[in-house]
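Okay, here's what each chain looks like letter by letter:
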Amino acid sequence: GQQVQQSPASLVLQEGENAELQCNFSSTATQLQWFYQSPGGSLVSLLSNPSGTKHTGRLTSTTVTKERRSSLHISSSQTTDSGTYLCAPWDYNVLYFGSGTKLTVEP
Amino acid sequence: EAAVTQSPRNKVAVTGGKVTLSCNQTNNHNNMYWYRQDTGHGLRLIHYSYGAGSTEKGDIPDGYKASRPSQENFSLILELATPSQTSVYFCASGETGVQDTQYFGPGTRLLVL
């Protein structure tokens, strides 16, 4: 299966600052998904982006398939953005997860 | 709204005991998955299923069995629980060929003493 590396492992921001999260994976993925995990543990899909750039709200994801990397940009961070962001490339019908970036946004 | 439920939400078990974690989905998805998540780690795939009667091994299947008796239900079975299996377990369902529709349950916290 895939090996997935995410960086940084943790990030602390002041409210209003931007965040840039990185994801590298070991082999070609048919799809790439970003998840948010709340401090309580629940997982929610943020967006899917197999290649190119995709926007949704304050989130922008850029995936370069040939280089096996993806990034997630969060603009104008809010305290409610605090949590863990997980990158997960798909390999057929199976997701492989990175260890995540823990984001803390302080007021 | 797609829904995946898990039971129990919390479980304390003894070493050597049998533990069954249950998952139910009302999404009518073909695929279901069991993951575990340990502190500081992402989710690791234990077993998955493409439909009723099928089970497939994921990356870390040792010590676990899975059962998919119906489209809606997928169980994870620890025949002889060990302390190393203390973790948070997540179930998910997804649709074949529609890769960005994977929905997760709330998780089960398992403590093996």
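Within each chain, residue numbers correspond to sequence positions counted from 1 in written order. Chains carry letters and ligands carry numbers; both start at the beginning, A for chains and 1 for ligands, and go up in the order they are written. Only residues with pLDDT of at least 70 are given local features in this predicted model, and only at 80 or more are side-chain atom pairs given and counted; all residues enter the totals for whole chains, interfaces and linings. No hydrogens and no water enter the side-chain calculation; it runs on all heavy atoms of the structure.

(A) Spatial organisation of the interface of chain A and chain B. Residue contacts are defined here by distance: any two heavy atoms, one from each residue, within 4.5 Å place the two residues in contact. Facing the 18 residues of chain A at the interface are 19 residues of chain B. Here the buried area means the combined drop in accessible surface, using a 1.4 Å probe, for two parts upon being joined, counting both sides. Of the roughly 1,600 Å² buried at the junction of chain A and chain B (both faces included), carbon and sulfur atoms supply 53%. We define a salt bridge as a side-chain nitrogen of Lys or Arg found within 4 Å of a carboxyl oxygen belonging to Asp or Glu. Joining chain A to chain B, the criterion identifies zero salt bridges. For this analysis, a polar contact is any N or O atom pair within 3.5 Å, provided that within protein one partner can donate a hydrogen and the other can accept it, and provided that sequence-adjacent residues contribute only side-chain to side-chain pairs. Taken together, the links from chain A to chain B amount to one residue pair in polar contact (both at pLDDT 80 or more). Numbering goes from the N terminus for both helices and strands, where a helix is a DSSP run of H or I of at least four residues and a strand is a run of E of at least two. Sorting the residues of the side of chain A that touches chain B by element identifies β4 (31-37), β5 (43-48), β9 (83-91) and β10 (94-95) of chain A as the ones contributing at least two each. Top contributing element to the side of chain A that touches chain B by residue count: β4 of chain A, with four residues. Under the scheme applied here, ten amino acids are nonpolar (Ala, Val, Leu, Ile, Met, Phe, Trp, Tyr, Cys and Pro), four are charged (Asp, Glu, Lys and Arg), and all others, including Gly, are polar. Here the residues of the side of chain A that touches chain B are counted per class, giving nine nonpolar, nine polar and no charged.

(B) The arrangement of the pattern of salt bridges in detail. In total, this model carries five salt bridges over all chains according to the counting rule given. Among the salt bridges present, the one from R69 of chain A reaches E67 of chain A, with a minimum N-O distance of 2.6 Å. Given a relative accessible area of 34%, R69 of chain A falls into the partly exposed group. Each residue gets one of three labels from its accessible area relative to the maximum for its type: buried under 20%, exposed over 50%, partly exposed in between, using a 1.4 Å probe on protein chains only. Accessibility expressed as a relative area gives 48% for E67 of chain A, which makes it partly exposed. A salt bridge links R36 of chain B to D38 of chain B; the nearest nitrogen and oxygen atoms lie 2.9 Å apart. Of the two residues, R36 of chain B and D38 of chain B, both sit in the buried class.

(C) Fine view of the state of the cysteines. By definition, disulfides here are pairs of cysteine sulfur atoms that lie within 2.5 Å. Evaluated as defined, the whole model comprises two disulfides over all chains. In this model C23 of chain A forms its disulfide with C87 of chain A; the gap between the sulfur atoms is 1.9 Å. Between C23 of chain A and C87 of chain A, the disulfide has an S-S torsion of -65 degrees and is therefore left-handed. In this pair, C23 of chain A is assigned in strand β3 (residues 19-25) and C87 of chain A in strand β9, connecting sequence segments 64 residues apart. Here C23 of chain B is linked by a disulfide to C91 of chain B, with a sulfur-sulfur distance of 1.9 Å. Every disulfide takes its handedness from the sign of the S-S torsion; for C23 of chain B and C91 of chain B that torsion is -80 degrees, giving left-handed. With C23 of chain B in strand β3 (residues 19-25) and C91 of chain B in strand β9 (residues 87-95), the pair connects residues that are 68 residues apart, well separated along the chain. Overall, the relative accessible area of 2% leaves C23 of chain B in the buried class.

(D) Representation of the pairing of strand β5 (residues 43-49) of chain B in the model. Residues and elements named next belong to chain B. Counting buried positions over the seven residues of β5 gives six, a clear majority of the element. The pairing of strand β4 (residues 31-37) with β5 spans six bridges and is antiparallel. Bridge assignment links R36 to a residue of β5, and that residue is R44. Here, a strand pair is defined by DSSP locating no fewer than two bridges between the strands. Connecting β4 to the antiparallel partner β5 that follows it, the hairpin turn spans five residues, and G40 within it adopts a positive phi of roughly 80 degrees. Pairing analysis gives two bridges linking β5 to strand β6 (residues 56-57), with the strands arranged antiparallel. In the strand pairing of β6, Y48 is matched with E56. Linkage of β5 to β6, two consecutive antiparallel strands, is achieved through a turn of six residues, within which G53 is found at a positive phi near 90 degrees.

(E) Focus on the nonpolar core. As used in this record, nonpolar core signifies buried Ala, Val, Leu, Ile, Met, Phe, Trp, Tyr and Cys residues forming a set joined through side-chain atoms within 4.5 Å. Ranked by size, the top nonpolar core spans 36 residues in total, and within it W34, F35 and F97 of chain A together with Y35, L43 and F104 of chain B carry the most contacts. Ranked by residue count, the leading element in this core is β9 of chain A, at five residues. When sequence neighbours within four positions are dropped, the list of residues in contact with F35 of chain A reads L43, V44, S45, L46, T84, Y85, L86, A88, L95 and F97 of chain A together with Q102 and F104 of chain B. Among the nonpolar cores identified, the runner-up in size contains 18 residues, and C23, A81, Y89 and L110 of chain B belong to it.

(F) How the structure looks around a nonpolar patch on the surface. All names here are of chain B. Residues V12, L111 and L113 make up a contiguous nonpolar surface patch of roughly 290 Å² in combined accessible area. Tracing the backbone shows L113 in the segment after β11 (108-112). Given the relative accessible area of 59%, L113 is considered exposed. The patch calculation keeps residues exceeding 30% relative accessible area without a salt bridge and links them within 9 Å when they carry like charges or within 5 Å when they are nonpolar (Val, Leu, Ile, Met, Phe, Trp, Tyr). Per-residue and other accessible areas follow the Shrake-Rupley method at a 1.4 Å probe size, with only the shown protein chains counted as cover for residues.

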